[in-house]
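# Coordinates in review
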Amino acid sequence: LIEREYKKLGIWEQPPIQKTNWDIIDIEHAQVVYIAGGEPTAMPEFFQFLEQCKELNRTDLEIRINTNANKMSNRLFDLLSDFANIHFTVSIDGYELSNDYSRWLSNWDNIDRNIKKIVSQRHSINFNVTVSIYTIFSLHNLLDYLDTNCKNTDIHICYAVSKNNILDPYQFVYDRDTLENFELIKNTDIYNNNLNVQSFVDSLIIQANNSVLNTGQLIQFFEFNDLLDTSRNVKLQDYIPKLAAKRQLIGDPNG
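Throughout what follows, the structure given in this document is the object of discussion. A quick note: this is a predicted structure, and the numbers were derived from the prediction, not measured.

This brings us to the pattern of salt bridges. Where side chains of opposite charge bring their charged atoms close, a pairing between them can arise. For the structure on display, the rule yields 11 salt bridges. With a closest N to O distance of 2.8 Å, Lys54 and Asp82 form a salt bridge. Residue Lys54 is located in helix 2 (residues 44-55), and its partner Asp82 is located in the loop between helix 3 (74-80) and strand 3 (86-91); the two are separated by 28 residues in the primary sequence. The exposure class assigned to Lys54 is partly exposed, which follows from its relative accessible area of 33%. Asp93 is the partner of Arg103 in a salt bridge, and the nearest nitrogen-oxygen pair spans 3.0 Å. Within this pair, whereas Arg103 is found in the loop between helix 4 (97-102) and helix 5 (108-120), its partner Asp93 is found in the loop between strand 3 and helix 4, the two being separated by 10 residues in sequence. Take Arg103 and Asp93: they sit in the same class, and that class is buried.

And the structure:
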């Protein structure tokens, strides 16, 4: 989805994604198959692969699926219910409207429903979380959500990479309420049981407390964001108001 939007705006700079030759998979002898994307749950070839596994009586095969959990049909869940060793890695960045903006055309309600269905079907699930200027304000909500709905899950957390660092979340001073929300993360089992999350959050709190205004970089960010708003026919204010309010720091209160 990000690739499609950035290409439309003329700002996509990565090489084209090569299509996978699914025939390379030796289903009869494979032990583990890892399927990334694109988005596996939207690939007809992935469904065909699962059907082949069933035909060859390889429902014992360990299958690892990297997904955004946005588009998961009943047919997919029905197919996967026959497999004994399914592992999902869900890429998820923001919470509720923060997700809907940062991963445009995805929908939080869909993601919430599909995560809970993965858990209810007792498939393994872990998460990749990417923190950016868009998602940092809802990070405590997201980690609390995962802590509540996905007990004992593993989480890998990192920062978004972007041209000229325009998605860097440390471009302004954070208010006290937001800093206190970061501290709340320390109350979760995810924080206390995961050294990666602990280290990341501890460092994030330090950086957030020491963050200062970078006017030049913030101007570049809002110039980029205006492209997104115009293309999408929406306003950042309606999705992440705390971030939209930072326009005032560059003398542009109305956008």
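Here the focus is the pairing of strand 5 (residues 155-159). The sheet contact formed by strand 4 (residues 124-131) and strand 5 spans five bridges and is parallel. Along strand 5, the bridge assignment pairs Asn128 with His156. Since strand 4 and strand 5 lie parallel, the crossover through helix 6 (residues 139-149) that links them has a hand, and here it is right-handed.

In this section: the sheet that holds strand 5. Spatially, five strands are ordered 1-2-3-4-5 in an open sheet, and the strand pairing comes out parallel. Only two strands of the sheet have a single neighbouring strand rather than two, namely strand 1 (32-35) and strand 5. Strand-to-strand twist across the sheet, computed as the mean angle between neighbouring axes with direction ignored, equals 15 degrees. Across five bridges, the pairing between strand 3 and strand 4 is parallel. Paired with His87 across the strands is Ser124, a residue of strand 4. Sheet strands touched by helix 9 (residues 195-210): strand 4 and strand 5. Its angle to strand 5, the strand with the most contacts, is close to 30 degrees.

Within soluble globular proteins, side chains that are nonpolar tend to cluster in buried spots. In this structure, Phe49, Phe127, Val129 and Tyr134 are the most contacted members of the largest nonpolar core, which totals 74 residues. For this core, the leading source of residues is helix 9, giving six residues. When near neighbours in sequence (up to four residues on either side) are disregarded, Phe49 contacts Trp22, Ile25, Ile27, Val33, Ile35, Leu61 and Ile63.

A few words on the packing of helix 1 (residues 2-9) against helix 10 (residues 215-232). Each pair of packed helices gets described by two things: the angle between the helix axes and the distance between those axes. Interhelical geometry of helix 1 versus helix 10 gives an angle of 100 degrees and a closest axis separation of 11 Å. With respect to each other, helix 1 and helix 10 are oriented roughly perpendicular. Of the residues in helix 10, those in contact with Glu5, Tyr6, Lys8 and Leu9 of helix 1 are Phe224, Leu227, Leu228, Ser231 and Arg232. In terms of residue class, the contact of helix 1 with helix 10 is built from five nonpolar, one polar and three charged.

A few words now on the pairing of strand 1. By the alternation rule, side chains of strand 1 split into Val33 and Ile35, which are all buried, and Val32 and Tyr34, of which none is buried. Pairing of strand 1 with strand 2 (residues 62-67), which is carried by four bridges, proceeds in the parallel orientation. The residue of strand 2 that forms the bridge with Val32 is Glu62.

A few words now on the packing of aromatic side chains. Applying the stated criterion to the full structure yields 18 aromatic pairs. With centroids separated by 6.2 Å and ring planes inclined at 55 degrees, the aromatic side chains of Tyr95 and Tyr145 adopt a geometry described as tilted. Taken as a pair, Tyr95 in the loop between strand 3 and helix 4 and Tyr145 in helix 6 lie far apart in primary sequence, 50 residues in all. For Tyr95, a relative accessible area of 21% gives the class partly exposed. A residue is classified by how much of its surface remains accessible, and Tyr145, at 8% relative accessible area, is buried. Grouping aromatic residues by their ring pairs yields a cluster made of Tyr101, Trp104, Tyr134, Phe221, Phe222 and Tyr239. Just above the ring of Tyr101 sits the side chain of Arg232; from NZ or CZ to the centre is 4.5 Å.

Scoring rules and cut-offs
Residues numbered from 1 in each chain as written. Predicted model: local features only at pLDDT ≥ 70, side-chain atom pairs only at ≥ 80, totals over all residues. Heavy atoms only, no water. Salt bridge = Lys/Arg side-chain N within 4 Å of Asp/Glu carboxyl O. Helix = DSSP H or I, 4+ residues; strand = E, 2+ residues; numbered from the N terminus. Buried < 20%, exposed > 50% of the residue type's maximum accessible area, 1.4 Å probe, protein only. Pairing = 2+ DSSP bridges. Right-handed = clockwise from strand over helix to strand, strands pointing away. Axes fitted to C-alpha atoms, helices over the stretch in contact; angles between N-to-C directions. Contact = heavy atoms within 4.5 Å. Core = buried A, V, L, I, M, F, W, Y, C linked by side-chain atoms within 4.5 Å. Parallel < 35°, antiparallel > 145°, perpendicular 65-115°, else oblique. Nonpolar A, V, L, I, M, F, W, Y, C, P; charged D, E, K, R; others polar. Phe/Tyr/Trp six-rings, centres within 6.5 Å; stacked < 30°, edge-to-face > 60°. Lys NZ or Arg CZ within 6 Å of the ring centre and 35° of its normal.

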